[in-house]
Amino acid sequence: MHILWWVILGVFVGGGRVRAYNVSLSLIPQSVVVTFGETASFNIEASGYVSSRFDLQLCWPQDAAMQIDSNQTISFVEGWNNHSISLLIEPVKQGRFIVQPWVEPEGVVDETRLFLLIKVAMFKPLMIISLMVGWAYTACWSAGYYPQIWLNYRRKSVVGLSFDFLYINIVGHISYVVFNVFLYWNTFVEDEYYQRHPFGLNPVIGNDIGFAVHAVFGTGFTIFQCWIYETGGNSVSKPAKAIIVTYLLIIFATMGCAMWNVMHWLDFLYVLSYIKLSTTMIKYFPQAYMNYRRKSTEGFEIMNRLLDLAGGLFSILQMVINAWNFDDWRSIGGDPVKFGLGIFSILFDLVFMFQHYILYRKRSVKVPAELPMLPK
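As the structure is a prediction and not an experimental result, all values here were calculated from the model. Sequence order as written defines residue numbering, which begins from 1 separately in each chain. A pLDDT threshold of at least 70 governs which residues receive local features in this predicted model, and a stricter bar of 80 or more applies before side-chain atom pairs are shown or counted, although totals over entire chains, interfaces and linings include all residues. The side-chain values count all of the structure's non-hydrogen atoms but skip hydrogen atoms and water molecules.

Colleague: Give a description of the overall build of the protein that names residues and reports values.
Modeller: Along the backbone of the protein there are 12 helices and 9 strands. Three exposure classes are used, based on accessible area relative to the maximum for each residue type with a 1.4 Å probe and protein chains only: buried under 20%, partly exposed in between, and exposed over 50%. Looking at the 376 residues of the protein, the share that counts as buried comes to 43%. All accessibility values rest on the Shrake-Rupley procedure with a 1.4 Å probe; residue burial counts only the protein chains present in the view. When the accessible surface of the protein is split by element, carbon and sulfur atoms take 64% of a total near 19,800 Å². By the criteria applied, helices consist of DSSP H or I runs no shorter than four residues and strands consist of E runs no shorter than two, each listed in order from the N terminus.

Colleague: Break down the packing of aromatic side chains for me, with residues and values.
Modeller: Only centres within 6.5 Å qualify two rings of Phe, Tyr or Trp (six-membered ring in Trp) as a pair; their planes then separate them into stacked at under 30 degrees, edge-to-face at over 60, and tilted for everything else. What the rule picks out here adds up to 20 aromatic pairs. Both rings, one in Tyr 193 and one in Tyr 194, keep their centres 6.1 Å apart while their planes meet at 65°; by these two values the pair is edge-to-face. Judged by relative accessible area, Tyr 193 falls into the buried class, the value being 12%. Taken together, the ring pairs in this structure connect Phe 165, Tyr 284, Phe 285, Phe 300, Phe 344, Phe 348 and Phe 352 into an aromatic cluster. The positively charged end of Lys 119 is found above the aromatic ring belonging to Phe 326, 5.9 Å away from the centroid. Charge over a ring is defined by NZ of Lys or CZ of Arg lying within 6 Å of the ring centre and within 35 degrees of the ring normal.

Colleague: Can you lay out the environment of Phe 217 for me, pointing to particular residues and giving the numbers?
Modeller: Here Phe 217 shows up in helix H6 (residues 206-228). For the pair formed by Phe 217 and Ile 170, sequence separation is 47 residues and the distance between their alpha carbons is 9.1 Å.

Colleague: Lay out the confidence of the model for the protein with the relevant residues and their values.
Modeller: Each residue gets a pLDDT score, which is the predictor's confidence in that residue and runs from 0 to 100. Of the residues in the protein, 85% have a pLDDT of 70 or more, and the chain-wide mean is 83. The contact rule is simple, with two residues in contact once any of their heavy atoms fall within 4.5 Å. Below pLDDT 50 for its whole length, residues 1-20 participates in 18 contacts with residues either more than four positions away or in separate chains.

Colleague: Tell me what's going on with a nonpolar patch on the surface, and back it up with residues and numbers.
Modeller: Residues Tyr 146, Phe 217, Phe 221, Phe 224, Trp 227 and Ile 228 make up a contiguous nonpolar surface patch of roughly 650 Å² in combined accessible area. Residue contributions to the nonpolar patch peak at 5 residues, all from H6. Structurally, Phe 221 is set in helix H6. Judged by relative accessible area, Phe 221 falls into the partly exposed class, the value being 33%. Each patch is assembled from residues with relative accessible area greater than 30% and no salt bridge, linking like charges that lie within 9 Å and nonpolar side chains (Val, Leu, Ile, Met, Phe, Trp, Tyr) that lie within 5 Å. A side-chain nitrogen of Lys or Arg and a carboxyl oxygen of Asp or Glu constitute a salt bridge if their distance falls within 4 Å.

Colleague: Lay out the pattern of salt bridges with the relevant residues and their values.
Modeller: By the definition in use, this model includes 5 salt bridges. Put simply, Glu 38 and Lys 124 hold a salt bridge, and the shortest N to O gap is 3.4 Å. A residue pair is termed long-range when its members are at least 10 positions apart, and Glu 38 in the loop between strand E2 (31-35) and strand E3 (40-50) and Lys 124 in helix H2 (residues 124-143) qualify at 86 residues. Residues Arg 305 and Asp 308 are paired through a salt bridge, measuring 3.3 Å at the closest nitrogen-oxygen approach. Residue Arg 305 and its partner Asp 308 are both found in helix H10 (residues 302-325); the two are separated by 3 residues, about one turn of the helix.

Colleague: Outline the nonpolar core, listing residues and values.
Modeller: A general tendency of soluble globular proteins is for nonpolar side chains to be buried together. Take the buried residues of types Ala, Val, Leu, Ile, Met, Phe, Trp, Tyr and Cys, join any two whose side-chain atoms come within 4.5 Å, and each joined set is a nonpolar core. Counting 42 residues, the largest nonpolar core has Leu 183, Phe 268, Leu 269 and Phe 352 as the members making the most contacts within it. Those elements that provide at least two residues to this core are helix H4 (163-185), helix H5 (187-196), H6, helix H7 (238-259), helix H8 (265-282), helix H9 (284-294) and helix H12 (336-359). Each residue touching Leu 183, except ones within four places of it in the same chain, is listed here: Val 189, Glu 190, Tyr 193, Asn 202, Pro 203, Val 204, Leu 266 and Leu 269. Counting 26 residues, the second-largest nonpolar core is a separate cluster that includes Leu 27, Val 50, Phe 76 and Leu 116.

Colleague: Talk me through H8; I want residue IDs and the actual numbers.
Modeller: Residues lying three or four places apart along an α-helix face the same way, a consequence of the helix completing one turn every 3.6 residues. With 18 residues, H8 should cover 26 Å at 1.5 Å per step; its first-to-last C-alpha distance of 26 Å lies within 8% of that length. Inspection of H8 places Leu 266, Phe 268, Leu 269, Tyr 270, Val 271, Leu 272, Ser 273, Ile 275, Lys 276, Thr 279 and Thr 280 among the buried residues, and these make up the whole buried set. Expected span, for any helix, means 1.5 Å times one less than how many residues it has.

Colleague: Can you lay out H7 for me, pointing to particular residues and giving the numbers?
Modeller: The first and last C-alpha atoms of H7 sit 31 Å apart over 22 residues, in line with the 32 Å expected at 1.5 Å per residue. Among the residues of H7, those classed as buried are Ala 240, Ile 244, Tyr 247, Ile 251, Thr 254, Met 255 and Ala 258. Axial view of H7: buried residues confined to an arc of 105°, hence all on one face. The exposed set on the far side of H7, more than 90 degrees from its buried face, consists of Lys 238 and Leu 249. Following H7 by one or two positions, Asn 261 has its phi on the positive side, about 60°. The directions considered for the arc are those from the helix axis to the C-beta atoms.

Right under this line is the structure:
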């Protein structure tokens, strides 16, 4: 309960920022997506008291990737400023660009987050296709929990389903929820992220939180079914318990370090993200091993893996479409861990399909559903 209060308190505390400047400037929106043949608009919004006159110079990329339909130098006079200046931009090159204004004289305003991220696509129809593909893989991954839940309900049994897979999986999902919630809603943690990534945008969006919460619900409900339906002697193995305890010790230790200012809260959240990544790498082994020991996939709903495979392929397809449309292949190579884990999940989906449709297609169960990962 004490830790829960710290978590709840952390979401709300740290919301206020101490501003050492009398005037603030911001670019709204801070990220613009545009295609050839179109113009995009953004606003420079000023708020506060200007103690002395200063000029704002818009510094476009050196390769002249943009054209601006306005003067590049904007002057702010002494006195109260609470207004917005609209500007139009027209791209002349495909890619991803950062535009950072330059203020003269220096030190008048906070320029650390004063930038505009512009992504220029080649074709607008590809942007629509990418959006549709994104909704497709989200739907596949979200729906993937329910075939197993329905199978358990019809059989009134969870025999054939690895408890190790479920419990390791839910640790990763809960860690991912906490990571997303804090980075999205806690401005103190968000400021830490911006200090390390001055030209970065918050990587978490509202859909990420909804998807992560739904994953916890789907896995948690399946675990609930394991408590009320026939198990056939199945339980969480000692190796899986040791893995989960190790995760919990790491979480509590790093949380304590963050509470005592030994490490940053952002680093604690990164630890949670690493836990999520590691659970993705190991959670499939127990189920694959159980299928091998039982020489059967009965009780394990293969539709889950088919939907997961479809979602993974759609996800990779979207990455490729965006990389080609925006000429930004670094978006794939820049996050090799995420891309690699996606490929890893797809490979295991193929393993489960091979077990279900070829190896154990018509074989009966020879070994009871005990020993979920290793002998107890």
